[in-house]
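# Architecture and fold: a report
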Amino acid sequence: MINHHLPTELVRPADPLLAGSLNAAACAGGRAGLLDVLRREIRELRFGHSAYRLRMPLVLHFYPRIDGPNGKLMTSPALHSLVGHGATFDAAWQDWLEQFHVRIQSLMAMRPWEMQSPDLESWEKIEQMIDVAAYRRETPRRVRQIGVISQARRSATRGHSPQFGPFRRTCALPNQVEWESGRTEEIDLSSAVPDFAALRVGQRFEAVVMRDPTTDRLLGIVDVITLPALPDAASAKTLLESVPTSKALEPINWERYD
Amino acid sequence: MNLGKPPIVQAWIEFRFEHSAERSEWEASANKFFDMFQDAYQEREVLAQHQMQIEKVEKNQRPRVVDERVQLVGIRSFTPSKSRCLQLLRDTLTCNFTRSESTNYEGFDALKAEAMAKFRAYVEFFRPTRLLQAAIHYVDLVRIPFDKGNVELGDYFTFTQDLPQATFGTTMGFNVQYTARPPQSKDLLEVRLYNEQADPEGPTAQFRMDWRFIAYEGLSFADSEVGGRLSMGHDTLLSCFRNSFTEKGWALFEERS
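Residues numbered from 1 in each chain as written. Chains lettered and ligands numbered in written order. Predicted model: local features only at pLDDT ≥ 70, side-chain atom pairs only at ≥ 80, totals over all residues.

### Concerning the overall build of chain A
Of regular secondary structure, chain A possesses 7 helices and 9 strands. For chain A, with 258 residues in total, the buried portion stands at 19%. Nonlocal contacts in chain A, meaning residues at least 24 apart in sequence, comprise 41% of its contacts between residues at least 6 apart. (Helix = DSSP H or I, 4+ residues; strand = E, 2+ residues; numbered from the N terminus. Buried ≥ 20, exposed ≤ 12 C-beta atoms within 10 Å, placed from the backbone. Contact = placed C-beta atoms within 7 Å.)

### Notes on the overall build of chain B
Looking only at helices and strands, chain B has 6 helices and 11 strands in total. The dimensions of chain B, computed from C-alpha atoms along their principal axes, are 65 × 60 × 40 Å. In chain B, of all internal contacts separated by at least 6 residues, the share reaching a separation of at least 24 is 65%.

### Description of the interface of chain B and chain A
Counting from both sides, the interface comprises 36 residues of chain B and, opposite them, 31 residues of chain A. Those elements giving two or more residues to the side of chain B that touches chain A turn out to be strand S2 (8-18), strand S5 (84-89), strand S6 (92-98), strand S7 (130-145), strand S8 (175-180), strand S9 (188-199) and strand S10 (204-215) of chain B.

### Focus on the pairing of strand S3 (residues 70-76) of chain A
Residue and element names in this part refer to chain A. Most of S3 is tucked away: 5 of the 7 residues are buried. Pairing geometry for strand S2 (residues 50-67) and S3, over 6 bridges, is antiparallel. By the bridge assignment for S3, Phe62 is matched with Leu73. Hairpin geometry of S2 and S3 is characterised by an intervening segment of 2 residues between the two adjacent antiparallel strands and by a positive phi of about 65° at Gly68. Bridge count between S3 and strand S4 (residues 84-86): 3 bridges; the pairing is antiparallel. Its bridge partner lying in S4, Leu73 is registered against Gly84. (Pairing = 2+ DSSP bridges.)

### Examining the nonpolar core
With 62 residues, the main nonpolar core has Ala11, Ile13, Leu111, Ala134, Ile136 and Tyr138 of chain B as its most contacted residues. A total of 8 residues in this core trace back to one element, the largest contributor, which is S7 of chain B. Ignoring any residue separated from it by four or fewer positions in sequence, one finds Ala134 of chain B in contact with Phe15, Ala215, Leu219, Val226, Arg229 and Leu230 of chain B. In terms of nonpolar packing, the next biggest core, distinct from the first, is built from 11 residues, Ile149, Ile187, Ala207 and Leu218 of chain A among them. (Core = buried A, V, L, I, M, F, W, Y, C linked by C-beta atoms within 7 Å.)

### Considerations on the sheet that holds S7 of chain B
Residue and element names in this part refer to chain B. In spatial order, the strands read S3-S4-S5-S6-S2-S7-S10-S9-S8; together these 9 strands make up an open sheet with antiparallel pairing. Two strands close off the open sheet at either side, each with one partner strand: strand S3 (43-55) and S8. Adjacent strand axes in the sheet meet at a mean angle of 20°, parallel and antiparallel pairs treated alike. Both S2 and S7 contribute to a ladder of 10 bridges, which runs antiparallel. Note on S7: the bridge partner recorded for Phe15 is Ala134. (Axes fitted to C-alpha atoms, helices over the stretch in contact; angles between N-to-C directions.)

### Considering unusual backbone geometry
Residues and elements named next belong to chain A. A cis amide bond, omega 0°, links Ser76 with the succeeding residue Pro77. Along the chain, the position of Pro77 falls in the loop between S3 and S4. You will see that Asp216, though not glycine, has its phi angle at about 65°, which is positive. Structurally, Asp216 is set in the loop between strand S8 (204-211) and strand S9 (218-227). Of the residues examined, Asp216 has 10 C-beta atoms within 10 Å and is grouped as exposed.

### Focus on the environment of Leu141 of chain B
With respect to the helices and strands, the residue Leu141 of chain B is situated in strand S7. Using a count of 21 C-beta atoms within 10 Å as the deciding quantity, one classes Leu141 of chain B as buried. Here the alpha-carbon distance between Leu141 of chain B and Gln10 of chain B, two residues 131 residues apart in the chain, equals 9.5 Å. Discounting residues that sit within four places of it in the chain, Leu141 of chain B has contacts with Tyr63 of chain A together with Pro7, Val9, Glu196, Gln206 and Arg208 of chain B.

### Digging into the confidence of the model for chain A
Summing up the model confidence of chain A, the mean pLDDT is 83 and the portion of residues at 70 or higher is 87%. Across residues 24-29 of chain A the pLDDT falls below 50, and counting only partners more than four positions away or on other chains, this stretch makes 14 contacts in the model. (pLDDT = per-residue confidence, 0-100.)

### Some details on the sheet that holds S3 of chain A
All names here are of chain A. Across the sheet, which stays open at both edges, the 4 strands sit in the order S1-S2-S3-S4 with antiparallel pairing between neighbours. The two strands at the open ends of the sheet, each matched to only one other strand, are strand S1 (39-47) and S4. Pairs of neighbouring strands in the sheet enclose a mean axial angle of 35°, with direction left out of account. Contacts between helix H4 (residues 89-108) and the sheet are confined to S1, S2, S3 and S4, with S4 contributing the most and set at about 140° to the helix.

### Considering the packing of H4 of chain A against helix H5 (residues 117-129) of chain A
Describing two packed helices takes the angle between their axes plus the distance from one axis to the other. All names here are of chain A. Two elements in contact, H4 and H5, have axes separated by 11 Å at closest approach and are oriented at 110°. Put simply, H4 runs roughly perpendicular to H5. Considering how the two elements wind past one another, H4 and H5 form a crossing that is left-handed. Touching Arg103, Ile104 and Leu107 of H4 are Asp119, Ser122, Trp123 and Ile126, all from H5. (Parallel < 35°, antiparallel > 145°, perpendicular 65-115°, else oblique. Left-handed = near helix turned anticlockwise from the far one by under 90°.)

### Side note on the environment of Ala207 of chain A
Residues and elements named next belong to chain A. Checked against the element boundaries, Ala207 lands in strand S8. Residue classification places Ala207 among the buried residues on the basis of 23 C-beta atoms within 10 Å. Sequence separation between Ala207 and Ser242 is 35 residues; the distance between their C-alpha atoms is 32 Å. When sequence neighbours within four positions are dropped, the list of residues in contact with Ala207 reads Gln145, Gly147, Ile221, Asp223 and Val224.

### With respect to the packing of helix H2 (residues 108-126) of chain B against helix H5 (residues 223-243) of chain B
Residue and element names in this part refer to chain B. Orientation of H2 relative to H5, taken along the N-to-C sense of each, is 150°, at an axis distance of 11 Å. Viewed along their axes, H2 and H5 adopt a mutual orientation that is roughly antiparallel. The interaxial crossing formed by H2 with H5 has right-handed handedness. Touching Phe108, Lys112, Met116 and Phe119 of H2 are Asp223, Val226, Gly227, Leu230 and His234, all from H5. Grouping the constituent residues of the contact of H2 with H5 by class yields 5 nonpolar, 2 polar and 2 charged. (Nonpolar A, V, L, I, M, F, W, Y, C, P; charged D, E, K, R; others polar.)

Here it is, written out as structure tokens:
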């Protein structure tokens, strides 16, 4: 029964000192929420190289010792059937993140018509929670490309040797690549793996490169493997001519088989 | 009250103080305070809050953050098993006990003894001028297996009822909260009940209850005064907790005689 003579006391504590009340905790970040050691508020999901931007803060609650020594981690907002398991808060949060990462990446790898009903429901909830468009926009694409060092910028160092007099030492810095597609790109050596710096002009290589998904700009070269050079025109012609053809075979008398 | 499956997950006792002096060196003295308990509370963490100042902009201009500061809100320290935690905010001292991998909740007597010991140490160390508030906070998780995909709230809880389905349709979530003044008391009692994410294993519906008893009038630094108010608060919370469940609800906790 609601006592209508004391309306202010029923709705919220009248005393302003009670800032730690549940009324304050009802909003995320309230004082009682701060003092709860089994609660955390997350503003961005980071797992390995992936950063998922949350549309609203994710509140985590860990409940220890629910399943034997293991506890369970729940989130608000919740993703259907996604619960973290672990003996400690950190272990359960790691488990939740791994499950989440696998689920979102599996769904992102699917085309819409490949999704079954539970997948579609799950995807809809993920899109409510995560800014998927931002993830696609901000996550670099990794592609394998084959190219040739097409230009090396020359850098000269001048000095003086007591024995030989003045000298000029030059060094070639690989700074341009021609990809198999015919596209030529300038390379910033600081964004490439160290092995790339050892390549010479004309060296053919296969690389794993990171590209901006919206502009296709080269962001970095994360791996490089040298490849043997392609044969020149004369060698290619000789090779082609060395391949046996049907001309070399003896004529067959088909009537023999009638 | 001896329960085979107690729903309690965490409990804490919280003291809020008033200080006369400007506390500009609070962080350094807070660290020294924690050093006194380093043997038991070994894993220290800081609670920080980002404060941003955003500049006014003219029409068609993008808002600009002109200053961002990280302010230390508090420090907390855990025992190695993480079952006990001591927290210090600028004006608040808190002792938290939780269930952990290796232990169940240790009980009110242990919590009160620990909280009162740290309360005395705080008063001695920081010399506050007044105790503004003493509070007990309980967090319970009530797990109820679904029956044909539903849980009838009225079957388990006495202070909340389901919405009429014919009018409202299916209840997907709820959050009820009351503030009450216990009989013959100047203190306040708050309770909040809401549905937590369902556990797919079972499957099981999960309800979180936050219970809070706040004493804020006529407090002194005397052990007998503060301890007595906390014990009274604990008794009040226990009685209210028992009466918030129906017999079917209470059976979930398997009371032992």
